[in-house]
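Commentary on secondary and tertiary structure
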Amino acid sequence: MLSMSNLHPPFSDEHEQLRQSIRGFIERELAPQAAQWEQDEWFPDEVFGKVAAQGLLGLKYPSEYGGQGGDYLHESVLCEEMARIGSGGTAAGLGAHTNIATPPIWKFGTDEQKQRYLVPAIAGERIGALGITEPGAGSDVASLSTRAERVDGGFVVNGEKTYITNGVRAHFIVTAVKTTADGGHHGISFLIVDRGEGVFSSALHKLGWHASDTATIAFSDVFVPEQNLLGELNEGFKLIMANFQWERLAMALGAVGAMTVAWERTAQFAREREAFGRRLSGHQAIRHKLADMATSVYACRCVTYDALRRFVAGEEPLKEVTMAKLLTQRACFELMDECLQIHGGAGYMQEYWVERAARDARLGPIGGGTDEIMREILGRALAL
Ligand SMILES: Cc1cc2nc3c(=O)[nH]c(=O)nc-3n(C[C@H](O)[C@H](O)[C@H](O)COP(=O)(O)OP(=O)(O)OC[C@H]3O[C@@H](n4cnc5c(N)ncnc54)[C@H](O)[C@@H]3O)c2cc1C
């Protein structure tokens, strides 16, 4: 077994108990349905309620809003364990809700907004999405063009978002809009847009993450009341930046979790499958490949945990988080490709977990900031 213990800093006994309980819940309640949900290109909304009933939609949120009163380390355990669902799409839908849609409300929302959105989100009664990307603005966030015009009592929104996780099912979309005519970072604001009149979603079909509803969302003369302005007017870029570190750490943790499971399963397969009169792992080429893969999992874990440790200590570990995101997402995809190769023809078949895992892992170097953007950030951080 690869199971190098997770029980080292930053995690404690308490986190390890949480890990075992989350793992049991996922293996019992979610993993058995994963293949069906992938085939349906949808997992039921009720999954949010089921996960909420375990306290898992509010691990890091205060108990006054229905959360568990934990912190980012508790949430980190969940990020790693979600790989055991065996459906990147289901993990993505749950993860978008807890790791990118609700954090801005928690950090920047008024108490009234928290009561209206965070409380039902933690209870799994209302589902959230984060809408930043547009057809003409992805990596270059500052060039977004969805407009919010001021009117009596609020704003009227027109524009289009795309590639939005939970984009079909979300009850509310934490949406980046332009609130001034000038370009650049300064005229961006955030509005919490309720699904309703003028909000149109259309599902997109993807290489992986099949169970998640990624969508284009068009806003056509959508009225958003003043009390749904999140944070300060024209200061939305700060809000985008505020959660990027956590989003990228969550992705790195997810990759570490997925790599760990994939290595364990592939090593087991190599111990059992025979070719030319011996186990696959009895062939040096395969044994060395598995040794390299274990080294990669360990390196990704160490770099990610180091960034996490700094993050929870209150440092601003821009460089370390960026490196963890860059390293783990590409390494995860490469490891999945090696796992698939070791499975031979079986690896290409839908009934084997690895076919899906390899497709799901391809998103990592694109989502949450591409590899190229990570390198640009590092270029600046390293004064290049
Ligand atoms: C499945 C999925 C789910 C997603 N979920 C969400 C979501 O919930 N909410 C949301 O807002 N967004 C979401 N996204 C969008 C995601 O964040 C963007 O796809 C990503 O940021 C890249 O933007 P883009 O697709 O517009 O590519 P572009 O920015 O157009 O980039 C195209 C290519 O050019 C490269 N490139 C761009 N700029 C530079 C540069 N300066 N130097 C070198 N290379 C560069 C990029 O790295 C990339 O390789 C999701 C995307 C996917 C695929």
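Bear in mind the structure is a predicted one, so any value in this text is a computation, not a measurement.

**Quick word on the site of the ligand**
Every one of the 17 residues lining the ligand counts as a neighbour, but Thr 133, Ser 139, Tyr 163, Thr 370 and Glu 372 are closest to it. Ile 132 places a polar main-chain atom, nitrogen or oxygen, 2.9 Å from an oxygen atom of the ligand. Take Tyr 163: an N or O atom from its main chain is 2.8 Å from a nitrogen atom of the ligand. Coverage of the ligand by the protein chains reaches 63% of its 990 Å² of free accessible surface. For the shell around the ligand, the secondary structure elements donating two or more residues are strand S3 (154-165) and helix H12 (371-381). In terms of residue count, the dominant contributor to the shell around the ligand is S3 (three residues). Taken together, the residues of the shell around the ligand sort by class into nine nonpolar, six polar and two charged.

**Section: a positive patch on the surface**
Judged by side-chain charge, Arg 271, Arg 278, Arg 279 and Arg 287 come together as a positively charged surface patch. Considering the arrangement of structural elements, one finds Arg 279 in strand S10 (residues 278-279). Relative accessible area serves as the criterion here: at 40%, Arg 279 is assigned to the partly exposed category.

**Considerations on the nonpolar core**
Core analysis: the largest hydrophobic core is formed by 38 residues, its most contacted members being Leu 30, Val 51, Ile 85, Leu 94 and Trp 246. At the level of secondary structure, the elements contributing two or more residues to this core comprise helix H1 (13-30), helix H2 (34-40), helix H3 (46-53), helix H4 (72-81), helix H5 (88-101), helix H8 (236-272), helix H9 (284-312) and helix H10 (318-342).

**Section: unusual backbone geometry**
Despite not being glycine, Tyr 163 shows a phi value in the positive range, around 60°. Structurally, Tyr 163 is set in strand S3. In this structure Tyr 163 comes out as exposed when scored by relative accessible area, which is 59%. Residue Asn 234 is not a glycine yet carries a positive backbone phi of 70°. By the secondary structure assignment, Asn 234 is in the loop between strand S8 (229-230) and H8. Since its relative accessible area comes to 24%, Asn 234 is described here as partly exposed.

**A short note on the pairing of strand S4 (residues 172-178)**
The buried fraction of S4 amounts to seven of the seven residues, a majority that puts the element mostly inside the structure. Bridge count for strand S1 (residues 128-131) against S4 is four bridges, and the pairing is parallel. Considered in S4, the bridge of Gly 128 is made with Phe 172. In this structure, S4 lies alongside strand S5 (residues 188-194), joined through seven bridges in antiparallel fashion. Within the sheet, the bridge partner assigned to Ile 173 lies in S5 and is Val 193.

**Things to note about a nonpolar patch on the surface**
On the surface, Val 303, Met 323, Leu 327, Leu 382 and Leu 384 cluster together into a nonpolar patch covering about 450 Å² of accessible area. Positionally, Leu 382 belongs in the segment after H12.

Rules used in this analysis
- Residues numbered from 1 in each chain as written.
- Predicted model: local features only at pLDDT ≥ 70, side-chain atom pairs only at ≥ 80, totals over all residues.
- Heavy atoms only, no water.
- Near = heavy atom within 4 Å.
- Polar contact = N/O pair within 3.5 Å; in protein donor to acceptor, adjacent residues only side chain to side chain.
- Areas by Shrake-Rupley, 256 points an atom, 1.4 Å probe, with all protein chains shown as cover.
- Helix = DSSP H or I, 4+ residues; strand = E, 2+ residues; numbered from the N terminus.
- Nonpolar A, V, L, I, M, F, W, Y, C, P; charged D, E, K, R; others polar.
- Patch = residues over 30% accessible without salt bridge, like charges linked within 9 Å, V, L, I, M, F, W, Y side chains within 5 Å.
- Salt bridge = Lys/Arg side-chain N within 4 Å of Asp/Glu carboxyl O.
- Lys, Arg positive; Asp, Glu negative; His and termini not counted.
- Charge placed at Lys NZ, Arg CZ, Asp CG, Glu CD.
- Buried < 20%, exposed > 50% of the residue type's maximum accessible area, 1.4 Å probe, protein only.
- Core = buried A, V, L, I, M, F, W, Y, C linked by side-chain atoms within 4.5 Å.
- Pairing = 2+ DSSP bridges.

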